[in-house]
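Residue-level structure breakdown
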Amino acid sequence: MQVIVGNTSEGTLVVTNSGVLSAKLSLSVAHKANGTVNVSDGGFVHSGGDIVFHYVNANGRGVINLGRGGVIEAGRAYSYRSGLASFNFDGGTYRQIGNRDFFTANDTDGAIDVTVSKNGGMLDNNGFSVGLPRTITGAGGITLIGSGTTTVSADQSYTGTTTVSNETTLSISGGVTFAGPVAFETGASFDIASATPGVASIAAASLEFPDSDTVTVPLTFNGGAFPEGIYTVCSASGLTKEVG
């Protein structure tokens, strides 16, 4: 079954109060007309495929509002055509179902505007290797959860904290800038060993480890170069390296 929101006329889908909606195939938003999806307060939406904006018609507006307590579980989210597409975090969770990007697009697409409010949002890799190649904007923060790896390859403009949760691995691809702090909880991992060309580059308001972290390749943070070693706190003023 495919769920279509905004087919022949404007449509709104609301999943809340522990309601559940499951689409075996894909979730199509603004298929031919304006379409809005609101998920919050225990609402759960599962898509066995992708979330697709504007599959038929480039006109109109497609919006997903993922509110506090809401969960959307799906593959990648992308806009097939050039219509307006928005994915707004307001305290909810986007959970991946495979080794895919959270947000991406095909070659003939329009872009998705991804925002996060002060209530924040969560990206759950669900144990997979997942990419984040799109910039997120807004006043809130993003929490990365799941036992897999989330690789960030696009600069992130939201001003809240990026929190890397217990058992979650954050990987960066090339040079990445975070507008806000990046904080690692106990049990989280920072993987820069696979960064190309071997020197990882990250810029952020601060880079905070709970105790210490081993950097296995040279790291460039906020323009300063740091060799391999074990570091305790990385702030805007630099890294503190353990001695002994």
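Now for a quick tour of the structure. (Residues numbered from 1 in each chain as written. Predicted model: local features only at pLDDT ≥ 70, side-chain atom pairs only at ≥ 80, totals over all residues. Heavy atoms only, no water.)

1. Side note on the pattern of salt bridges
Where we set the bar: Every case where a carboxyl oxygen of Asp or Glu lies within 4 Å of a side-chain nitrogen of Lys or Arg is listed as a salt bridge. Segments assigned H or I by DSSP are reported as helices when at least four residues long, segments assigned E as strands when at least two residues long, and all are numbered from the N terminus. Only protein chains enter the accessibility calculation, which uses a 1.4 Å probe; a residue is then buried when its area is under 20% of its type maximum, exposed when over 50%, and partly exposed in between.
Applying the stated criterion to the full structure yields 5 salt bridges. The salt bridge partner of Asp50 is Arg76, with a shortest N-O separation of 3.2 Å. One end of the pair, Asp50, is in the loop between strand S6 (44–47) and strand S7 (51–53); the other, Arg76, is in the loop between strand S9 (71–74) and strand S10 (77–79), and 26 residues separate them in sequence. In terms of burial, Asp50 and Arg76 fall into one category: buried. In this structure, Arg100 and Asp50 form a salt bridge, with 3.7 Å as the shortest nitrogen-oxygen distance. One end of the pair, Arg100, is in the loop between strand S12 (93–96) and strand S13 (113–116); the other, Asp50, is in the loop between S6 and S7, and 50 residues separate them in sequence. Its relative accessible area of 13% is what places Asp50 among the buried residues. Ionic contacts of the salt-bridge type, sharing partners, join the residues Asp50, Arg76 and Arg100 into one network.

2. Description of the sheet that holds strand S23 (residues 189–191)
What counts, and what does not: Strand pairing is defined by DSSP finding a minimum of two bridges between the two strands. In this analysis, axes come from line fits to C-alpha atoms, helices being fitted only over the stretch in contact, and the angle between any two N-to-C directions falls in the range 0 to 180 degrees.
Taken in spatial order, the 4 strands line up as S15-S18-S20-S23 in an open sheet, and their pairing is parallel. Whereas interior strands pair on both sides, the edge strands pair on one side only; in this sheet they are strand S15 (129–132) and S23. For this sheet, the mean angle separating the axes of adjacent strands, direction not counted, is 25°. Note that strand S18 (residues 149–152) and strand S20 (residues 169–172) share 4 bridges and pair parallel.

3. Here we look at the packing of aromatic side chains
Test applied: The rule is short: rings of Phe, Tyr and Trp, with Trp giving its six-membered ring, pair when the centres are within 6.5 Å, and they are stacked under 30 degrees, edge-to-face over 60, tilted in between. Criterion for a charge above a ring: Lys NZ or Arg CZ within 6 Å of the ring centre, and within 35 degrees of the ring normal.
Inspection of every chain in the model, using the stated rule, returns 7 aromatic pairs. Judged by centre distance (5.1 Å) and plane angle (45°), the rings of Phe87 and Phe89 are tilted. We classify Phe87 as buried; its relative accessible area is 0%. By way of ring pairs, the aromatic residues Phe87, Phe89, Tyr94, Phe102 and Phe103 are connected into one cluster. Between Arg76 and the ring centre of Tyr78, over which it is positioned, the NZ or CZ distance is 4.2 Å.

4. Some thoughts on the side chain of Thr162
Definition in use: Contacts are assigned to residue pairs that have any heavy atoms within 4.5 Å of one another.
The topology assignment puts Thr162 in strand S19 (residues 162–164). Contacts of Thr162, omitting those with residues within four sequence positions, involve Ile142, Leu144, Phe178, Pro181, Val182 and Ala183.

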